[in-house]
Amino acid sequence: MFATVLHRLMVSGSDRACEKWMTDYAIPGVDGLALHHLYRAMAWLGEELPAEQQGGATPFAPRTVKDLTEEQLFAARRDLFSELSVVFMDTTSLSFAGAGGASLGERGYSKDHRPDLIQMILGVVIDADGRPVCSEMWPGNTADVGVLVPVIDRLRSRFGIGRVCVVADRGMISAATITALEERGLEYVLGAPERTDTLVRTVVLADKKPFTPLCVERANGEQTQLFAKEVKVEGRRYIVCRNEAEAAKDATDRQAIVAALDQQLKRGDKALIGNSAYRRYLRTTSDRRAFEIDAGKLADEARYDGIFVLRTNARVTPLQAVLRYRDLIQVEQLFRSAKALMQTRPIYHASDAAIRGHVFCSFLALVLRKELDERCRHAGFRPEWGDVLRDLDRLQHATIESGGKTWTVRTQADGCATALLQATGIAPPPRIQATPPPQIAIEPAPPKRRGRPRRSATRT
């Protein structure tokens, strides 16, 4: 499993590729490992637990060995003040081939653009510090809106969580989900659909209450100017926010689209209807024979420049709600990295257990990558992941034999390799090191007998 996780971190790929990859690296403890060992390890990680240990299983997936591993990882870093008061969750789809997938393999909306293959849905839960907490796997036809509440229930039972505030984007939210969260007494900060929610579009955004200016510090030290106000409608609490910088960008982008659209209309409008960026600004002319720019749609679109709306029941101020939702936006970068790391191709296994174990090793790789990022941050530098992989891969050693002597020579630690070794507390070996010759075993001389030696009798 350790060799598999290292392979996912460095180059990713299948278990067969891992078997060939690890022969080029000095990895302690992998001597004698064969492909069937990797397959068995994957199947063991995804093996279902006995019936008496299935408490807390979701309707979509049973409890497996990998769940115990996640719980022990969480317990190992837990202290008196550890909590999961804020959690983020995102999902993606993973297509796979092979004979596996009896319960996981279903056809559904393919986020990796492989509708020809059966797939599974993978969910990753991350805490407020960006640490991966657990992974969830469901059949490929499971809708995102139906998994949030079961996952939260399972988090509370698995990790002993009391107070939870769910932060999620609009794509994972439905009326049934919000009702279930409120019935469980859970807090939430959810993105509200400004354009499709009638109440938000006609009532919340039309509220005349003045905005309050807010200054939010960004991760790079700069500050963002926001304007926010609280609107309560029908017992629901909404936070309306306007980002001036995003509003200017939205207006500029729309002007560029309209200018290009105007040029295209002069050349002909047959291809315009197929372009979604153009289509929403068009209307048919009075004679129904052509298209023209709809000024009313342009004005309506301008209402949403830089605007985002939050719905929350949490006992927090508007600024705190905005900050929590901003954390979701920031953690999406980690989700993008997670998806790139978790989408290991190809996934080719003969059982659901092996598929679950294969994907879970990618989750463990994500845990290690986050730990390395934290250690680098504490050391005062933030390297790009591509530089980390390239500079570590250049760190090599070779054995040279000359004149009856053996030398081990290491390449120069270039780029960020030296800083990475320092951040992790690893001392690199010397640049040049003489290997002592092997000791030749010398048989000890037989012990001497005391006294006068005996004369052997000889026959004449």
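Structure's up top.
The shown structure was predicted, so the numbers you read here are calculated from the model rather than taken from an experiment.

**As for the environment of Glu48**
- In this fold, Glu48 is placed in the loop between helix H3 (35–45) and helix H4 (65–76).
- As a C-alpha pair, Glu48 and Thr64 span 16 residues in sequence and 4.2 Å in three-dimensional space.
- For Glu48, the contacting residues outside a window of four places in its chain are Gln54, Pro62, Arg63, Thr64 and Arg356.

**As for the side chain of Glu71**
- Note on placement: Glu71 falls in helix H4.
- Residue classification places Glu71 among the buried positions, given a relative accessible area of 17%.

**Structural notes on the packing of aromatic side chains**
- A complete count under the given rule lists three aromatic pairs for this structure.
- A ring pair is formed by Phe308 and Tyr325, whose centres lie 6.0 Å apart and whose planes are at 15°; its orientation type is stacked. You can see Phe308 sitting in strand E11 (residues 307–312) and its partner Tyr325 sitting in helix H11 (residues 318–342), a full 17 residues away along the chain.
- On the basis of relative accessibility, which here comes to 19%, the residue Phe308 falls in the buried class.
- Exposure remark for Tyr325: the relative accessible area of 6% places this residue in the buried category.
- Directly above the ring of Phe211 sits Lys229, whose terminal nitrogen or CZ lies 4.6 Å from the centroid.

**Let's talk about the nonpolar core**
- Ranked by internal contacts, the top residues of the largest apolar core, which has 33 residues, are Met120, Met137, Val359 and Leu420.
- Secondary-structure elements contributing two or more residues to this core are helix H1 (2–10), H3, strand E2 (119–127), helix H12 (352–379), helix H13 (385–393) and helix H14 (417–423).
- Considering each element in turn, this core owes the most residues, 12 residues, to H12.
- Beyond its immediate chain neighbours, meaning those up to four positions away, Met137 contacts Phe60, Ala61, Lys66, Leu104, Met120, Ile121, Leu122, Arg356, Val359 and Phe360.
- Judged by nonpolar contacts, the second largest core, of 24 residues, contains Val87, Val133, Val164 and Leu181.

**Some thoughts on the pattern of salt bridges**
- Counting across every chain of the model gives 26 salt bridges.
- Put simply, Glu136 and Arg158 hold a salt bridge, and the shortest N to O gap is 3.4 Å. With a gap of 22 residues between them, Glu136 in strand E3 (residues 132–139) and Arg158 in helix H5 (residues 148–159) connect regions that are remote in the sequence. Both residues of the pair, Glu136 and Arg158, count as buried.
- Where Glu230 meets Arg237, a salt bridge forms, and the shortest distance between an N and an O atom there is 3.2 Å.

**Concerning the sheet that holds strand E12 (residues 397–402)**
- Here we have three strands laid out as an open sheet, ordered E12-E13-E14, and antiparallel in their pairing. Two strands bound the open sheet, and with one partner strand each, they are E12 and strand E14 (432–435). On average, each strand axis in the sheet is inclined to that of its neighbour by 25°, with strand direction left out of account.
- Of the strand pairs in this sheet, strand E13 (residues 405–410) and E14 are connected by four bridges, and their pairing is antiparallel. Bridge pairing in E14 links Trp407 to Ala434.

**Here's the deal with the packing of H4 against H5**
- Contact geometry of H4 with H5 gives a least axis separation of 11 Å together with a crossing angle of 60°. It follows from the interaxial angle that H4 and H5 lie oblique. Crossing hand, H4 versus H5: right-handed. Every residue of H5 that contacts H4 at Asp67, Glu70, Glu71 and Phe74 is listed here: Arg154, Arg158 and Phe159.
- Across the contact of H4 with H5, the residue classes tally to two nonpolar, no polar and five charged.

Criteria and cut-off values
- Here the residue numbering is sequential within each chain, running from 1 through the sequence in written order.
- Reporting in this predicted model follows two pLDDT cut-offs: at least 70 for local features of residues, and 80 or more for side-chain atom pairs to be given and counted; totals over whole chains, interfaces and linings ignore these cut-offs and use all residues.
- By convention in this description, side-chain values take in all heavy atoms of the structure and omit both hydrogens and water.
- Here a strand is any run of E in DSSP of at least two residues, a helix any run of H or I of at least four, and the numbering for each starts at the N terminus.
- Pairs of residues are marked as contacts when any of their non-hydrogen atoms sit within 4.5 Å.
- Relative accessible area decides the class of each residue, using a 1.4 Å probe on protein chains only: under 20% of the type maximum gives buried, over 50% gives exposed, and in between gives partly exposed.
- Ring pairs are drawn from Phe, Tyr and Trp, using the six-membered ring of Trp, whenever the two centres fall within 6.5 Å, and their geometry is named by plane angle: stacked under 30 degrees, edge-to-face over 60, tilted for the rest.
- Placement of a positive charge over a ring is assigned whenever Lys NZ or Arg CZ falls within 6 Å of the ring centre and within 35 degrees of the normal to the ring plane.
- Buried Ala, Val, Leu, Ile, Met, Phe, Trp, Tyr and Cys residues that are joined via side-chain atoms within 4.5 Å together make up what is termed a nonpolar core.
- When a carboxyl oxygen of Asp or Glu is within 4 Å of a side-chain nitrogen of Lys or Arg, the pair counts as a salt bridge.
- Strand pairing is defined by DSSP finding a minimum of two bridges between the two strands.
- Interaxial angles span 0 to 180 degrees and are taken between N-to-C directions of axes, which are lines fitted to C-alpha atoms, for helices over the stretch in contact.
- Throughout this description, any angle smaller than 35 degrees is read as roughly parallel, any larger than 145 degrees as roughly antiparallel, any in the 65 to 115 degree range as roughly perpendicular, and the remainder as oblique.
- Put simply, a crossing is left-handed when the front helix is turned counterclockwise from the back one by less than a right angle, and right-handed when it is turned clockwise.
- Side-chain classes follow a simple rule in which Ala, Val, Leu, Ile, Met, Phe, Trp, Tyr, Cys and Pro form the nonpolar group, Asp, Glu, Lys and Arg form the charged group, and the remainder, Gly included, forms the polar group.

Read these as spatial facts, not as claims about activity.
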